[in-house]
Amino acid sequence: MLDTFIFLLYNCFRNMDIYEYLELFSIYKSLLTEKQADIFSLYVECDLSLGEISEIKNISRQGVSDTITKTKEILVSYEEKLALLEKKRQLKKLSDKITDENVKNELERIIGG
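Attention in this report is confined to the structure presented alongside it. Keep in mind the model is a prediction, meaning the values are calculated, not measured. (Residues numbered from 1 in each chain as written. Predicted model: local features only at pLDDT ≥ 70, side-chain atom pairs only at ≥ 80, totals over all residues. Heavy atoms only, no water.)

**Remarks on the nonpolar core**
Rule in force here: What we call a nonpolar core is a set of buried Ala, Val, Leu, Ile, Met, Phe, Trp, Tyr and Cys residues that are connected through their side-chain atoms within 4.5 Å. Partly exposed describes any residue whose relative accessible area lies between the buried limit of under 20% and the exposed limit of over 50%, with all areas from a 1.4 Å probe on protein chains only and scaled to the type maximum. Counting from the N terminus, the helices are DSSP H or I runs at least four residues long and the strands are E runs at least two residues long. Note on contacts: a residue pair qualifies if any of its non-hydrogen atoms lie within 4.5 Å across the two residues.
Leu 24, Phe 25, Phe 40, Ile 68 and Leu 75 are the most contacted members of the largest nonpolar core, which totals 19 residues. Elements with a contribution of two residues or more to this core: helix H2 (18-28), helix H3 (34-44), helix H4 (50-57) and helix H5 (61-82). Among residues more than four places away in sequence, those in contact with Leu 24 are Met 16, Leu 75, Val 76, Glu 79 and Leu 85.

**Regarding the environment of Leu 107**
With respect to the secondary-structure elements, Leu 107 resides in helix H7 (residues 101-111). Placed 12 residues apart in sequence, Leu 107 and Ser 95 show a C-alpha to C-alpha distance of 6.6 Å. Excluding its chain neighbours within four sequence positions, the residues that come into contact with Leu 107 are Leu 91, Ser 95 and Ile 98.

**So, the pattern of salt bridges**
Quick reminder of the rule: Only one rule defines a salt bridge in this text: a Lys or Arg side-chain nitrogen within 4 Å of an Asp or Glu carboxyl oxygen.
One pass over the full model with this rule turns up five salt bridges. Two residues, Arg 89 and Glu 23, come together in a salt bridge whose shortest N-O distance is 2.8 Å. With Arg 89 in helix H6 (residues 84-97) and Glu 23 in helix H2, the pair connects residues that are 66 residues apart, well separated along the chain. Residue classification places Arg 89 among the partly exposed residues on the basis of a relative accessible area of 33%.

**Here's the deal with the packing of aromatic side chains**
The cut-off we apply is this: Here a Phe, Tyr or Trp ring, Trp counted by its six-membered ring, pairs with any other such ring whose centre lies within 6.5 Å, and the pair is stacked when the planes are under 30 degrees apart, edge-to-face when over 60, and tilted otherwise.
Evaluation of the coordinates by the stated rule reveals four aromatic pairs. When the centroid spacing of 6.4 Å and the interplanar angle of 80° are considered together, the rings of Tyr 21 and Phe 40 count as edge-to-face. Of this pair, Tyr 21 sits in helix H2 while Phe 40 sits in helix H3, and the two are 19 residues apart along the sequence. The pair formed by Tyr 21 and Phe 40 is uniform in burial state, with each residue classed as buried. An angle of 50° between the planes, with centres 6.1 Å apart, marks the rings of Phe 40 and Tyr 43 as tilted. A residue pair is termed a helical-turn pair when its members lie 3 or 4 positions apart in one helix, as Phe 40 and Tyr 43 do in helix H3 at three residues. Accessibility expressed as a relative area gives 24% for Tyr 43, which makes it partly exposed.

Below you can see the structure in the form of structure tokens.
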């Protein structure tokens, strides 16, 4: 059972691209620890390598890798429970169908884009 869960989790991470993690990070970063947010920001927003982050943060490359992996797990877990990204995407689809420009602009302002 645990092996199946780990396999599914691994495949989930492998199939998600960096842009999906960036979207999840933009929604849930305030729920992360400062260390997780800092390291993950350097990884997804600044596109730094593990070695570069390791030097900046003065921690081992393995420590950086572990933090990034753990943060990915946390972000996916938050999305599974709260589904804020999915709701945002659904609202965006609805927004595209609205013809009243004032309503459309207000909805897009609320959902952030």
